[in-house]
Amino acid sequence: MRSLLITALLALLLTPAAAHAEDRKVVAERAGCSISVGDRDAAGNDLIVADCTWDIPADKVIKAVKAPEKHDEYLSSVEESTRLPDGRVLQVHYASGISNRQVTLAFTDQDLPDGGFKTSWTRAPQQEALRDGLVDVPVNDGYWEVHPNGAGSKVIYSLRYDAGGKVPTWLVRNFQKGGISDLVEEMKGVAAKM
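Everything quoted here is computed from the prediction, not taken from an experiment.

Digging into the pattern of salt bridges
Stage number 1. For the structure on display, the rule yields 11 salt bridges.
Stage number 2. Here Asp-46 and Arg-40 are joined by a salt bridge, their closest N and O atoms 2.9 Å apart.
Stage number 3. The closest approach of N and O atoms between Asp-136 and Arg-123, which form a salt bridge, is 3.0 Å. Taken together, the residues Asp-136 in strand E8 (residues 135-136) and Arg-123 in strand E7 (residues 117-123) connect sequence positions 13 residues apart.
Stage number 4. Here Asp-136 falls in the partly exposed class, since its relative accessible area comes to 30%.
Stage number 5. Take Arg-123: its relative accessible area is 26%, and that puts it in the partly exposed class.
Stage number 6. Within this structure, Arg-30, Asp-182 and Glu-185 form a network of salt bridges that share partners.

Here it is in structure tokens:
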């Protein structure tokens, strides 16, 4: 009876996790990454996750992701990325077919016990004045997480993004598949050169 009770309890505890995992859908495989979409929030914004295995040493990947003020130099979707005096980062995002987007981000860096690194960002409480012609980004939460994996690295990129304004659903879906694929491929290329 006790083992039956434990089995039932475990089944109840594991059911939400299984349902949650089934909500995710792989939309692309590129640059050593499996890109999935799901876990939609109340506002309809999907969580995009790129789960990558790269043959690039972790220290090189860390160097690439650790400097968001340089992301406009090597990520085609980031037109501007300027570190402000108080540490916030002003970004202007580019996507073909829509107006550029603007957001001011707060970054948090964390060294991980296995020698890895995680840099997380969210929309900063204090936003810079919105420039003419740009659209405010109401949600931009994400992270790069890097772990040593032998001579290479295990990399996770996660993003929940609301572009703001009016963006057709098909364009959002296209970005989730193609735009994120481009972004992780570009980051991989930069990390390889570090």
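The structure having been displayed, the exposition proceeds.
Structural notes on unusual backbone geometry
Stage number 1. With a phi angle near 55°, Ala-31 is a residue other than glycine that sits in the positive phi range.
Stage number 2. Of note, Ala-31 is situated in the loop between strand E1 (25-30) and strand E2 (33-38).
Stage number 3. We note that Asp-39 has phi near 50°; this positive angle belongs to a residue other than glycine.
Stage number 4. For Asp-39, the position within the fold is in the loop between E2 and strand E3 (47-54).
Stage number 5. Given a relative accessible area of 11%, Asp-39 falls into the buried group.

Some words on the pairing of strand E4 (residues 78-83)
Stage number 1. One ladder, built from five bridges, connects E4 with strand E5 (residues 89-93); its direction is antiparallel. Note that in E5 the partner of Arg-83 across the bridge is Val-89.
Stage number 2. What sits between the antiparallel neighbours E4 and E5 is a turn of five residues, in which Gly-87 has the positive phi angle 100°.

A look at the side chain of Glu-80
Stage number 1. Mapping Glu-80 onto the fold places it in strand E4.
Stage number 2. Under the relative-accessibility criterion, Glu-80 is labelled buried at 19%.
Stage number 3. Looking at Glu-80, its side chain comes within polar contact range of the side chain of Arg-131, at 2.5 Å.
Stage number 4. The contacts of Glu-80, once residues within four sequence positions are left out, are Asp-72, Leu-90, Gln-91, Val-92 and Arg-131.

Observations concerning the state of the cysteines
Stage number 1. Scanning all chains against the criterion turns up one disulfide.
Stage number 2. Disulfide partner of Cys-33: Cys-52, at an S-S distance of 2.1 Å. A torsion of 105° about the S-S bond marks the disulfide between Cys-33 and Cys-52 as right-handed. With Cys-33 in strand E2 and Cys-52 in strand E3, this residue pair connects regions lying 19 residues apart in the sequence.

What counts and what doesn't
Residues numbered from 1 in each chain as written. Predicted model: local features only at pLDDT ≥ 70, side-chain atom pairs only at ≥ 80, totals over all residues. Heavy atoms only, no water. Salt bridge = Lys/Arg side-chain N within 4 Å of Asp/Glu carboxyl O. Helix = DSSP H or I, 4+ residues; strand = E, 2+ residues; numbered from the N terminus. Buried < 20%, exposed > 50% of the residue type's maximum accessible area, 1.4 Å probe, protein only. Pairing = 2+ DSSP bridges. Polar contact = N/O pair within 3.5 Å; in protein donor to acceptor, adjacent residues only side chain to side chain. Contact = heavy atoms within 4.5 Å. Disulfide = S-S within 2.5 Å.

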